[in-house]
Amino acid sequence: MNYLSLIFFGFMPLFLIIYYIVPQKCRYIVITIGSYFFYGFTDLRLLLILMSVTVLTYIGGIILQNKKTRAMYALFMILTILILFVFKYTNFAIRNINLILAKFTGETAYQLTSLNLILPVGLSFIVFQACTYLGDVYRNKLCAEKNILRYAAFVSFFPTVLSGPIQKARELLPQIKKPMPFDAETAKKGTVLFVWGAFEKILVANKLLVIVNRVFGNYENYNSVYLIIAAICFSLYIYADFSSYSDMARGIAMLMGIRIGKNFNNPYLSCSTAEFWNRWHMSLNAWFIENIYIPLGGNRKGALRKYINTFIVFFISGLWHGAAYRYIVWGVLNGGLVIAGQILKPIKSRIYSAIHIDENVESIKCLRRIIVFILITMTWIFFNNSVTDSIFILKKIIYLNPINFFDQNLFSISGTLATTFTTAVVTLLFVYIQLKRQNESTEYACYCRQPLLFQAMILGILICICVFGACSTDATVNTQFLYFQF
């Protein structure tokens, strides 16, 4: 079920009414039933996979509670991740095995046949969230949950089940076990977050995607300036698209009286690529640090080992995003940038000191942010296009002809002058508000100090803009969120 579907707008009010009518100690049952309905609405087969992950990790938690051995923990982690591997990477592995067989035998008669497997929406997020439970029980951060329905509510928690943020069991399960009573202020903040998230998706992400698809879909016929603009648009699009889902997920959880963590912290204000990845998709970053980076040794075994561990994390991160070489290349490139930045950091500090420049002054920080944005944007090209296409696009960008900046057709890059202007306006508004959200609690407090009529008007205007935007032909490029496929 999609957040921006009519069925969801019918489901959510009914769910909340039942949720708050039912006694607090039984609300986990409502969450479980509602989440299973939400997840299995389009395909009941998805529920079988969701239940498999739930039962496996539930049993794993019970066993780990009584026998906390590294071998037992590794066994259940491997079995859980194996579910993800089977559905997401089996056919990718088969294709590569067939390529190797064809290369060495020169024949195709002995090639393996691809399996007709479905890829459940959000399976990566479900598996990783379930794995946090195993880790928390193993590390004594949480006692194993005996009530399987309550545990099922955690694994299938519908606000985050499709695209996160990935929740730690030690933070979400206690809230499901002891839910808060209805609080009007929390519900209001949740509503504001949900409406803003809808605006991000409908009026920002989808409009930027028009330009991305238009240019990258036919990149051979566009000059380097068009490709630069499309790359910037994709960089902003993926942020707006994923941020919108995360904001709506947080808003829905707040309507239930449940707090879930932020997934973004203005990543494009970062002064280094390492800082960018600490601010981007923070729940996934925390998962990799806790479950891969630290167990590998983290930064405790010398600089070389730290760089190797960092590279492994980014390689796995690329593979996690999809069974395709472009994601692996994207992960490797970002890992290389982070490692290079860490190696060069003391050298840059000595240079700044030698020429008597404070690297923390605003002008230098602004320059560093621009460089980080450029580097990250270039890597996003591989995320959106095949490796071959990405290399071709980068070559065209490198051989930039400045005269192309004066091409009048650039003003119609979105299709028409009007749609290009609208896209620019809503994107600038999005950037401005995201910058203001650096201090989210302060800005929300400022909003709440305004007269109630003014608060209602702001929400009403945003809702009307979203409705009219959803009805326009150029804003409905994609009703699905990008991270659904991961």
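Residues numbered from 1 in each chain as written. Predicted model: local features only at pLDDT ≥ 70, side-chain atom pairs only at ≥ 80, totals over all residues. Heavy atoms only, no water.

Per the secondary structure count, the protein includes 18 helices and zero strands. Over its C-alpha trace the protein gives a radius of gyration of 24 Å, about what one expects of a compact globule, namely 23 Å for 486 residues. Within the protein, the proportion of its 486 residues that are buried is 50%. For the protein, long-range pairs separated by at least 24 residues make up 75% of all intrachain contacts whose partners lie at least 6 apart in sequence. Summing over all exposed atoms, the protein offers an accessible surface of approximately 23,000 Å²; the carbon and sulfur share of this is 69%. The centroid of the 42 positive side-chain charges in the protein is displaced by 8 Å from the centroid of its 21 negative side-chain charges. (Helix = DSSP H or I, 4+ residues; strand = E, 2+ residues; numbered from the N terminus. Rg over C-alpha atoms; globule rule 2.2 N^0.38 Å. Buried < 20%, exposed > 50% of the residue type's maximum accessible area, 1.4 Å probe, protein only. Contact = heavy atoms within 4.5 Å. Areas by Shrake-Rupley, 256 points an atom, 1.4 Å probe, with all protein chains shown as cover. Lys, Arg positive; Asp, Glu negative; His and termini not counted. Charge placed at Lys NZ, Arg CZ, Asp CG, Glu CD.)

Looking at where Thr-377 falls in the secondary structure, it is placed in helix α14 (residues 362-384). A polar contact is formed between the side chain of Thr-377 and the side chain of Ser-235, at a distance of 3.2 Å. At 2.7 Å, the side chain of Thr-377 and the backbone oxygen of Phe-373 are in polar contact. What Thr-377 contacts, discounting residues up to four positions off in sequence, is Ala-231, Ile-232 and Ser-235. (Polar contact = N/O pair within 3.5 Å; in protein donor to acceptor, adjacent residues only side chain to side chain.)

Here we take up the pattern of salt bridges. Under the criterion given, the structure shown has 13 salt bridges. The salt bridge involving Arg-170 is made with Glu-290; its shortest N-O contact spans 3.2 Å. With Arg-170 in helix α7 (residues 169-177) and Glu-290 in helix α11 (residues 282-293), this pair connects stretches of sequence that are 120 residues apart. Through salt bridges with shared partners, one network takes in Asp-136, Arg-139, Arg-170 and Glu-290. (Salt bridge = Lys/Arg side-chain N within 4 Å of Asp/Glu carboxyl O.)

If you look at the biggest cluster of nonpolar residues, it comprises 135 residues, and the most contacted ones within it are Phe-8, Phe-15, Tyr-133, Met-256, Ile-258 and Trp-380. It is helix α9 (residues 224-255) that contributes the most residues to this core, 19 residues altogether. Sequence-distant contacts of Tyr-133, that is, excluding residues within four places in its chain, are made with Thr-57, Gly-61, Leu-142, Ala-144, Glu-145, Tyr-151, Phe-154, Ala-169 and Leu-173. (Core = buried A, V, L, I, M, F, W, Y, C linked by side-chain atoms within 4.5 Å.)

For the rest of this paragraph, the subject is the confidence of the model for the protein. The predicted model of the protein has a mean per-residue pLDDT of 90, with 96% of residues at 70 or higher. The least confident element of the protein, judged by mean pLDDT, is helix α18 (residues 452-471) at 81; the most confident is helix α6 (residues 148-155) at 96. With pLDDT under 50 throughout, residues 473-477 is counted as low confidence; its partners more than four residues away or in other chains account for twelve contacts. (pLDDT = per-residue confidence, 0-100.)

What follows concerns the packing of aromatic side chains. With the rule as written, the count across this model stands at 57 aromatic pairs. The interplanar angle of 65° and the centroid separation of 5.6 Å between the aromatic rings of Tyr-239 and Phe-264 together place this pair among those described as edge-to-face. Of this pair, Tyr-239 sits in helix α9 while Phe-264 sits in the loop between α9 and α10 (273-279), and the two are 25 residues apart along the sequence. Residue classification places Tyr-239 among the buried positions, given a relative accessible area of 5%. Taking the ring centre of Tyr-19 as reference, the NZ or CZ of Arg-27 above it sits at 5.1 Å. The ring of Tyr-28 is capped by Arg-150, whose NZ or CZ atom sits 4.6 Å from the centre of that ring. (Phe/Tyr/Trp six-rings, centres within 6.5 Å; stacked < 30°, edge-to-face > 60°. Lys NZ or Arg CZ within 6 Å of the ring centre and 35° of its normal.)

Relative to the 20 Å expected for 14 residues at 1.5 Å per residue, helix α2 (residues 27-40) spans 20 Å between its end C-alpha atoms, a close match to the ideal helical length. For α2, a buried count of eleven out of 14 residues is recorded, marking the element as mostly surrounded by other parts of the structure. Along α2, the positions that sit buried rather than exposed are Arg-27, Tyr-28, Val-30, Ile-31, Thr-32, Gly-34, Ser-35, Tyr-36, Phe-38, Tyr-39 and Gly-40. The elements touched by buried residues of α2 are α1 (6-21), α3 (45-66), α5 (123-138), α6 and α7. (Expected span 1.5 Å × (residues − 1).)

With that out of the way, let us pick up the packing of helix α12 (residues 303-321) against helix α13 (residues 325-354). The N-to-C vectors of α12 and α13 enclose an angle of 155°; their axes lie 7 Å apart at closest approach. By the angle between their axes, α12 is roughly antiparallel relative to α13. Our pair here, α12 against α13, has a crossing hand that is right-handed. Facing α12, whose interface residues are Lys-306, Tyr-307, Thr-310, Phe-311, Phe-314, Phe-315, Ser-317, Gly-318, Leu-319 and His-321, α13 presents Tyr-327, Ile-328, Trp-330, Gly-331, Val-332, Asn-334, Gly-335, Val-338, Ile-339, Gln-342 and Ile-343. Here the residues of the contact of α12 with α13 are counted per class, giving twelve nonpolar, eight polar and one charged. (Axes fitted to C-alpha atoms, helices over the stretch in contact; angles between N-to-C directions. Parallel < 35°, antiparallel > 145°, perpendicular 65-115°, else oblique. Left-handed = near helix turned anticlockwise from the far one by under 90°. Nonpolar A, V, L, I, M, F, W, Y, C, P; charged D, E, K, R; others polar.)

With that settled, the discussion passes to the packing of α6 against α7. Running from N to C, α6 and α7 cross one another at 125°; their axes reach a closest spacing of 10 Å. Our classification of the angle between α6 and α7 gives oblique. Read as a crossing pair, α6 and α7 show a hand that is right-handed. Between α6, through Arg-150, Tyr-151, Ala-153 and Phe-154, and α7, the contact on the second element is made entirely by Ala-169, Leu-172, Leu-173, Ile-176 and Lys-177. Taken together, the residues of the contact of α6 with α7 break down into seven nonpolar, no polar and two charged.

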